[in-house]
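Analysis of the macromolecular model
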Number of protein chains: 2
Amino acid sequence: MSKKMHFAVILLNCPMHHSVGSWRLPRSLVGYNYARPAFWIDIARILERGKLDMLFMADGVGVSDRYGHSIETTIRYGVQCPTHDAVPLVSMLAPVTQRLGLAATISTAYLPPQYLARLLSTLDHLTEGRVGWNVVTSPLENALKQYTHDERYDRADEYLDVLRKMWSSWEPDAVVMDRESGIYADPAKVHPVNHEGKYFKVTGPAQVPWSPQGHPVIIQAGQSDRGLEFAARHAEAVFAVHQTPAAMKRVYDDVKARAKKYGRSSGDVKVLWGLMPIVGETEDAAKAKERALIEAVPQLGGLTQLSTHIGYDLSRVPLDTPLEEFGAENGEGLLQALSHGLGIQGLAKMLMKENIGRSVTVGEAAQFYGSGIGPKIVGTPLQVANQLEDIFDEVGGDGFMLITHYLPGCLEEFVEMVVPILQKRGRFRTDYEGTTLREHLMQE
Amino acid sequence: MSKKMHFAVILLNCPMHHSVGSWRLPRSLVGYNYARPAFWIDIARILERGKLDMLFMADGVGVSDRYGHSIETTIRYGVQCPTHDAVPLVSMLAPVTQRLGLAATISTAYLPPQYLARLLSTLDHLTEGRVGWNVVTSPLENALKQYTHDERYDRADEYLDVLRKMWSSWEPDAVVMDRESGIYADPAKVHPVNHEGKYFKVTGPAQVPWSPQGHPVIIQAGQSDRGLEFAARHAEAVFAVHQTPAAMKRVYDDVKARAKKYGRSSGDVKVLWGLMPIVGETEDAAKAKERALIEAVPQLGGLTQLSTHIGYDLSRVPLDTPLEEFGAENGEGLLQALSHGLGIQGLAKMLMKENIGRSVTVGEAAQFYGSGIGPKIVGTPLQVANQLEDIFDEVGGDGFMLITHYLPGCLEEFVEMVVPILQKRGRFRTDYEGTTLREHLMQE
């Protein structure tokens with residue numbers, strides 16, 4: 001029997017998600033609706049109808065001033081700004097869904113560990129075991145500046161240790177709730193944490209009893225060496241974006257090998273590949289959608305998003321600079337990281353989807369990048385299903401993190417047109433077998 | 001026309017709220033349900049059916065070891081433990097209610113101000129303007145120990161200043177969302193915060209545009225002199241617990257007078273008096289309910305709650321100590337504070353509701369206190385309505401914060417039996433006039 005795929009969808013609690021200007025598309029209903037419940041309830045129910053594993057909420061705190069040392073273009077073109085808090089969305093969706101996993105991105109930089117332990121346990125109870133936590137270590141402005149990138153991961157390692165101690169401080173059967181004697185819980189089964197480490201001192205125990213999953217599904221998305229090590233130790237799902245199946249396979253094998261060092265099996269950590277399906281009733285219709293998406297990106301908006309993501313101010317670079325001339329002294333290392341070994345020229349070709357017979361410029365690349373991160377899989381439902389299967393089989397697993405364009409339509413199309421093909425081929429579940437997010441992810 | 005009352009309900013995201021052992025009562029459905037959505041959705045809809053102003057979620061982080069320097073009795077009798085996070089409840093209730101105000105208690109001690117500013121704006125959008133924030137300054141273990149009580153309020157003053165700057169950093173019409181030009185927002189209407197104070201340095205602007213209420217309704221509950229000063233400056237609603245109308249009136253006049261110092265009018269800050277209505281079809285039935293509630297308190301549970309609330313370890317005091325002998329050296333000052341000027345002996349009588357012809361012991365007082373804070377208003381629906389009107393008119397306003405016993409039944413009884421009487425008398429609204437929490441509270 002062929003391995004089955006897992007599917008998640010990545011969104012931001014904002015009007016443009018990962019495609020600058022996608023809110024302008026005629027079929028986008030995002031408008032002001034992103035701030036209110038109905039829009040999200042609709043999306044969650046579409047995903048649940050499709051039996052997808054989870055809705056994954058990205059998040060980040062702060063308004064970027066990376067482009068031209070100013071927030072002006074970030075605000076003007078709504079470049080991942082506004083971005084509302086992801087956590088209220090996750091809890092708001094608890095009572096209106098039954099099976100869909102719900103994951104939120106929360107940094108280890110802002111909240112005391114005992115506070116976040118309690119928040120996540122609360123969510124795991126509210127959702128009856130459907131919560132995931134995407135661990136990021138990104139700092140807020142003026143916070144954790146004393147630490148290097150690697151030290152922030154060291155601190156996050158300890159942070160997770162504290163959370164695990166909190167989450168297991170109540171034994172699963174500690175709550176007795178005996179009306180007769182008035183005994184609520186057995187103190188012998190509730191244990192202080194008494195953690196004293198390099199970064200944290202926490203007495204415990206938790207304020208919340210053992211939750212349906214014990215603890216949320218741990219997810220990780222950083223792609224640095226230190227980030228992958230963190231993932232290998234803690235993560236149950238890894239979200240990664242790479243441009244080619246060959247690059248995906250390298251990371252896939254790497255993650256699984258690292259996990260073994262920590263006594264974990266290859267199946268304990270699932271890798272989900274970010275990509276954007278663009279589905280049309282015909283190939284031409286799909287390509288027209290892709291063009292419209294790219295054209296909806298205001299060039300300055302695309303440059304702002306690319307500047308923010310690579311951490312380099314592209315306002316200092318002439319827009320007609322050929323991408324391959326954008327060398328190391330101009331942050332090429334970072335752009336290189338984005339291309340994940342494909343090389344700048346390869347990335348340029350990949351970005352433009354065809355050999356246009358000349359160099360791709362920084363301006364063109366920014367516009368393309370602004371239309372959405374990750375590879376775009378464009379075609380009829382059958383073509384998209386075929387491409388997904390090809391990538392999946394070449395890489396070896398485990399599934400995909402879908403990146404969206406117009407909402408909620410693009411998700412309806414995927415669920416109604418692509419999912420049934422994969423189900424018929426036995427490559428995707430026809431129903432949830434378990435009730436928790438962990439069970440969904442571990443289902444083979 | 002007589003002044004109308006406001007009604008809120010105070011709850012904790014836990015199985016026992018403010019009455020230790022109330023989960024044991026035959027009519028309590030709280031069981032494990034407190035951790036899941038359905039129980040809360042039911043409660044919120046009852047309150048909305050009654051046209052109440054808001055559901056007010058108390059909260060606190062940590063497991064008390066005040067009694068006997070141990071968490072044992074806290075765990076065994078479930079003394080406000082478990083307590084889950086209040087915030088996920090508030091957002092979870094957003095899509096299943098239309099008018100009810102939803103307030104959460106969040107300390108200024110845990111979250112960076114820009115983080116909480118974003119969270120509260122997110123909630124104000126999600127609820128379309130129905131969010132309130134009860135500001136507390138209580139520290140987490142090992143946090144803010146460097147500050148005195150008054151310094152924590154100084155810090156909270158600055159914290160609120162930062163939040164106000166964040167909340168007004170987007171002008172109400174900054175979002176343009178022009179599909180044609182691709183302009184999302186007008187940068188000229190989004191202003192950095194550039195706050196540099198004694199405690200915080202925040203650049204801003206906010207990541208969330210102007211929310212339906214501009215900012216959440218600010219609520220305050222601390223009763224110290226410094227706390228009242230803070231309330232007079234910031235709060236739109238004050239929650240206070242006092243045993244007699246005379247004590248309530250003193251605080252009422254005090255709060256209104258302090259508010260004027262900050263250029264605010266008497267109506268800008270509403271005071272809500274905590275009390276517990278116990279309604280029965282007959283007076284005897286109501287009294288029997290009160291007795292059952294008090295008898296449901298395990299004595300050690302009551303002692304644990306009282307120890308935690310007065311900050312004094314009652315395990316060192318023999319249970320048969322007459323309350324009036326529990327002098328200053330044993331924490332009388334704190335117990336005195338609880339009685340708010342009534343005197344220990346007066347409090348003892350008040351607690352026991354009758355002159356029992358002898359001294360009340362510490363053990364008895366703890367048991368009574370453990371059954372719920374604040375005065376109990378016991379009787380038929382008519383008697384309860386009459387007592388509420390009497391207190392209201394003697395004090396001069398503004399309304400009540402209802403303290404509950406068995407859930408959700410006691411709220412159903414209040415809404416179905418007491419509210420209609422007050423509505424018929426023109427003392428409570430028959431429908432919401434506005435859509436936001438602030439409009440509910442300001443409605444005269």
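These numbers come from a predicted model, not from an experiment. (Residues numbered from 1 in each chain as written. Chains lettered and ligands numbered in written order. Predicted model: local features only at pLDDT ≥ 70, side-chain atom pairs only at ≥ 80, totals over all residues. Heavy atoms only, no water.)

On a plain count of helices and strands, chain A comes out with 15 helices and 13 strands. Taking 2.2 N^0.38 as the reference for a compact globule, 444 residues should give roughly 22 Å; the C-alpha atoms of chain A span a radius of gyration of 22 Å, in line with that estimate. Viewed in the frame of its principal axes, chain A has a C-alpha envelope of about 80 × 50 × 45 Å. In chain A, the share of contacts with a sequence separation of at least 24, taken over all contacts with a separation of at least 6, comes to 77%. Within the structure as shown, chain A displays about 15300 Å² of accessible surface, and the carbon and sulfur contribution to it stands at 50%. The distance from the centre of the 45 positive side-chain charges to the centre of the 53 negative ones in chain A is 1 Å. (Helix = DSSP H or I, 4+ residues; strand = E, 2+ residues; numbered from the N terminus. Rg over C-alpha atoms; globule rule 2.2 N^0.38 Å. Contact = heavy atoms within 4.5 Å. Areas by Shrake-Rupley, 256 points an atom, 1.4 Å probe, with all protein chains shown as cover. Lys, Arg positive; Asp, Glu negative; His and termini not counted. Charge placed at Lys NZ, Arg CZ, Asp CG, Glu CD.)

Another aspect to go through is the packing of helix 5 (residues 149–167) of chain A against helix 6 (residues 225–234) of chain A. Geometrically, a packed helix pair is captured by the angle between its two axes and the distance between the axes. All names here are of chain A. With their axes 10 Å apart at the nearest point, helix 5 and helix 6 run at an angle of 15° to one another. With respect to helix 6, the element helix 5 is oriented roughly parallel. Viewed along their axes, helix 5 and helix 6 form a crossing whose handedness is right-handed. Between helix 5 and helix 6, the contacting residues are H149, D150, Y153, D154, A156, D157, L160, D161 and R164 on the first element and R226, G227, F230, R233 and H234 on the second. (Axes fitted to C-alpha atoms, helices over the stretch in contact; angles between N-to-C directions. Parallel < 35°, antiparallel > 145°, perpendicular 65-115°, else oblique. Left-handed = near helix turned anticlockwise from the far one by under 90°.)

Let us look at the relation of the copies chain A and chain B. Turning chain A through 180° and shifting it by 0.0 Å along the axis lays it on chain B, with an RMSD of 0.0 Å. The symmetry that links the two subunits is that of a two-fold axis. Considering only C-alpha atoms, the part of chain A nearest the rotation axis is M92(A), at 1.9 Å. Comparing interface residues between copies, 100% of those in chain A also sit at the interface in chain B, which points to an isologous, same-surface contact. (Least-squares fit on C-alpha atoms with pLDDT ≥ 70 in both.)

With that settled, consider the pairing of strand 5 (residues 175–178) of chain A. All names here are of chain A. Of the two faces of strand 5, only one is covered, namely that formed by V175 and M177; the face formed by V176 and D178 stays uncovered. Pairing of strand 5 with strand 6 (residues 183–185) involves two bridges; the strand directions are antiparallel. What sits directly across from V175, in strand 6, is A185. Connecting strand 5 to the next strand, strand 6, in antiparallel fashion are four residues, including G182 with a positive phi near 80°. (Buried < 20%, exposed > 50% of the residue type's maximum accessible area, 1.4 Å probe, protein only. Pairing = 2+ DSSP bridges.)

Turning to the side chain of D53(A), a few remarks are in order. Residues and elements named next belong to chain A. Along the polypeptide, D53 turns up in the loop between helix 1 (37–49) and strand 2 (54–58). For D53, a relative accessible area of 0% corresponds to the buried category. A distance of 2.9 Å separates polar atoms of two side chains, one belonging to D53 and the other to H6. In terms of polar contacts, D53 uses its side chain to reach the side chain of R429, at 3.1 Å. Each residue touching D53, except ones within four places of it in the same chain, is listed here: H6, F7, L100, G101, F428, R429, L437, H440 and L441. (Polar contact = N/O pair within 3.5 Å; in protein donor to acceptor, adjacent residues only side chain to side chain.)

Right, let's talk about the pattern of salt bridges for a bit. Under the criterion given, the structure shown has 52 salt bridges over all chains. A single salt-bridge network, built from bridges that share partners, covers D154(A), D157(A), D161(A), R226(A) and R233(A). (Salt bridge = Lys/Arg side-chain N within 4 Å of Asp/Glu carboxyl O.)

What follows concerns the confidence of the model for chain A. Residues and elements named next belong to chain A. With 90% of its residues at a pLDDT of at least 70, chain A reaches an overall mean of 90. Element-level mean pLDDT values for chain A span from 51 in helix 10 (residues 332–339) up to 98 in helix 14 (residues 409–424). Interface predicted TM-score (ipTM) for the complex: 0.95; the corresponding pTM is 0.95. (pLDDT = per-residue confidence, 0-100.)

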